[in-house]
Amino acid sequence: MEAEFISLAVIALVAALVPLVANRIPGKLVPETVLLLIAGAVFGPHALGVVQVTDAVSLLSDLGMAFLFLLAGYEIEPRTLTGRTGRMSVLTWLASFAIATAAIVGIAHAEAGDIGAVAASIALTTTAIGTLMPILAERGILGTRVGDLVLSFGTYGEIMPVLAIALLLTARAKWVTVIVLLAFAGIAVFVGWRAKGFRRRASHVHDFLVDRADSGSQTLVRATICLLICLVAVSAVFHLDIILGSFAAGFVLRYVVPEGNRSLEQKLEAIGYGFLIPLFFVVSGAGIDLSAIGAKPLMLVLFIVMLIVVRFFPILVALRLGRDTRDLHWSERVTVAFYCTTALPLIVAVTNIAVSAGAMQQSTASIMVAAGAVTVFLMPLLAMACQRVLKD
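Heads up: these notes are all about the structure in this document.

1. Focus: the pattern of salt bridges
When the charged atoms of two side chains with opposite charge come close together, those side chains can pair.
Then, in step 1: In this structure the tally under the stated criterion is four salt bridges.
Then, in step 2: For Asp327, the salt bridge identified is with Arg145, shortest N-O distance 2.8 Å. Within this pair, whereas Asp327 is found in the loop between helix H14 (297-321) and helix H15 (330-340), its partner Arg145 is found in helix H7 (residues 145-168), the two being separated by 182 residues in sequence.
Then, in step 3: Exposure remark for Asp327: the relative accessible area of 54% places this residue in the exposed category.

Laid out in structure tokens, this is it:
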């Protein structure tokens, strides 16, 4: 237990100091997430070795990722995922995946069905919508037209890769996986339907939960965490990525409480952003091998360029051609595309699967994770520059 507590103490110290450091950087140009990743890489097993990623620390990190996507799913309005914009987002992701596959096969001379090639292709198509949420909120973009488009493209840039992981990076037969996904979706829909019906019919229980929400019982928080853990457990039983269960929990919570509950949101954000989510990013950074990046800096640049080619340009073209978006100012289209090229959490998950299967070297995985970390800094910065052009 000594190693676990030392690691947690270092992570807690990093989490407490990072906001102070970020605030000292002129213009707050470096997001806290990037600093957490850098700290993880420096203190992690590939550098100073102070932070050890034990089973206990990994479990807390998984809970942090679960909270990150719970909050992301809760923030998303269903209307941003449907209609022409939703269909355009799905088609754009499919185009991104096709481009990524062609690029990986052409550059790395890998076979299209190879696990490593598939994992790299999926990683290049991701959007870190969970990571973007606090950035969008801080900049006042949520609720605007640009914000809605970022949520639409970004959500499918998170959901579609998760589905691709389940379908393409599994040893199960594809038809079995499809049945499993449909069963999971049915469970999530059933939970949301029963929860909303229970709220309507058993008003006395609902009133009790609301009345005790701010007491020592913290009833609404406990109910939400129960929902999250149960759906994550179901995804684990089905051998699906826990991101899927976390997202589903967020969607269900939004369905049950469509008008929102600011008090509950603040408490969940306190639990998540206060400790678990920073821990997740530090642990993610601990998987980065800085020496591998130093040995192959051009590969890092190549992955960043590929992320731009695979994600930025297809979204830009889709916004230009879309019937509902062609009237956008060019800087608004570029802003949406830059935000949606921000990638990271799923890159960690995908590369871990490929490394565990022996289909990808740890050094390559480290460079891909580092490229994702760079996009968390670079893409919101470029998007912010485009917003300033729009205002001027």
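2. Some thoughts on the environment of Val305
Then, in step 1: On the secondary structure map, Val305 appears in helix H14.
Then, in step 2: By relative accessible area, which is 44% here, Val305 ends up partly exposed.
Then, in step 3: The spacing of Val305 and Ala371 is 66 residues in sequence and 9.3 Å in space, taken between C-alpha atoms.

3. Concerning helix H11 (residues 242-256)
Then, in step 1: With 15 residues, H11 extends 21 Å between its outermost C-alpha atoms, agreeing within 8% with the 21 Å of an ideal straight helix rising 1.5 Å per residue.
Then, in step 2: Most of H11 is tucked away, with 13 of its 15 residues classed as buried.

4. Quick look at the environment of Gly73
Then, in step 1: Tracing the sequence through the fold places Gly73 in helix H3 (residues 55-75).
Then, in step 2: By relative accessible area, Gly73 is classed as buried at 0%.
Then, in step 3: A C-alpha to C-alpha distance of 7.9 Å links Gly73 and Arg254, two positions 181 residues apart in sequence.
Then, in step 4: Not counting residues within four places of it along the chain, the set of residues in contact with Gly73 comprises Phe247, Gly250 and Phe251.

5. Concerning the state of the cysteines
Then, in step 1: Across all of its chains, the model carries zero disulfides by this definition.
Then, in step 2: Unpaired in this structure, Cys226 has its nearest cysteine sulfur neighbour in Cys230, at a distance of 3.9 Å.
Then, in step 3: Among the residues examined, Cys226 registers a relative accessible area of 44% and is labelled partly exposed.

6. Quick word on the nonpolar core
The tendency in soluble globular proteins is for nonpolar side chains to be buried side by side.
Then, in step 1: Core analysis: the biggest nonpolar cluster contains 104 residues, and Ile122, Leu124, Phe247 and Phe281 have the highest contact counts within it.
Then, in step 2: Per-element accounting of this core gives the leading share, 10 residues, to H3.
Then, in step 3: Once you skip the residues sitting within four places of it in the chain, Phe281 turns out to touch Thr33, Leu36, Leu37, Leu68, Thr131 and Leu344.
Then, in step 4: Core analysis: the second largest hydrophobic core is formed by 23 residues, Val146, Phe312, Leu319 and Leu328 among them.

7. Notes on the environment of Val146
Then, in step 1: Secondary-structure assignment places Val146 in helix H7.
Then, in step 2: Sequence-wise, Val146 and Glu332 are 186 residues apart; in three dimensions their C-alpha atoms are separated by 6.7 Å.
Then, in step 3: If sequence neighbours within four positions are ignored, Val146 has contacts with Ile141, Glu332, Thr335 and Val336.

Cut-off values and rules
Residues numbered from 1 in each chain as written. Predicted model: local features only at pLDDT ≥ 70, side-chain atom pairs only at ≥ 80, totals over all residues. Heavy atoms only, no water. Salt bridge = Lys/Arg side-chain N within 4 Å of Asp/Glu carboxyl O. Helix = DSSP H or I, 4+ residues; strand = E, 2+ residues; numbered from the N terminus. Buried < 20%, exposed > 50% of the residue type's maximum accessible area, 1.4 Å probe, protein only. Expected span 1.5 Å × (residues − 1). Contact = heavy atoms within 4.5 Å. Disulfide = S-S within 2.5 Å. Core = buried A, V, L, I, M, F, W, Y, C linked by side-chain atoms within 4.5 Å.

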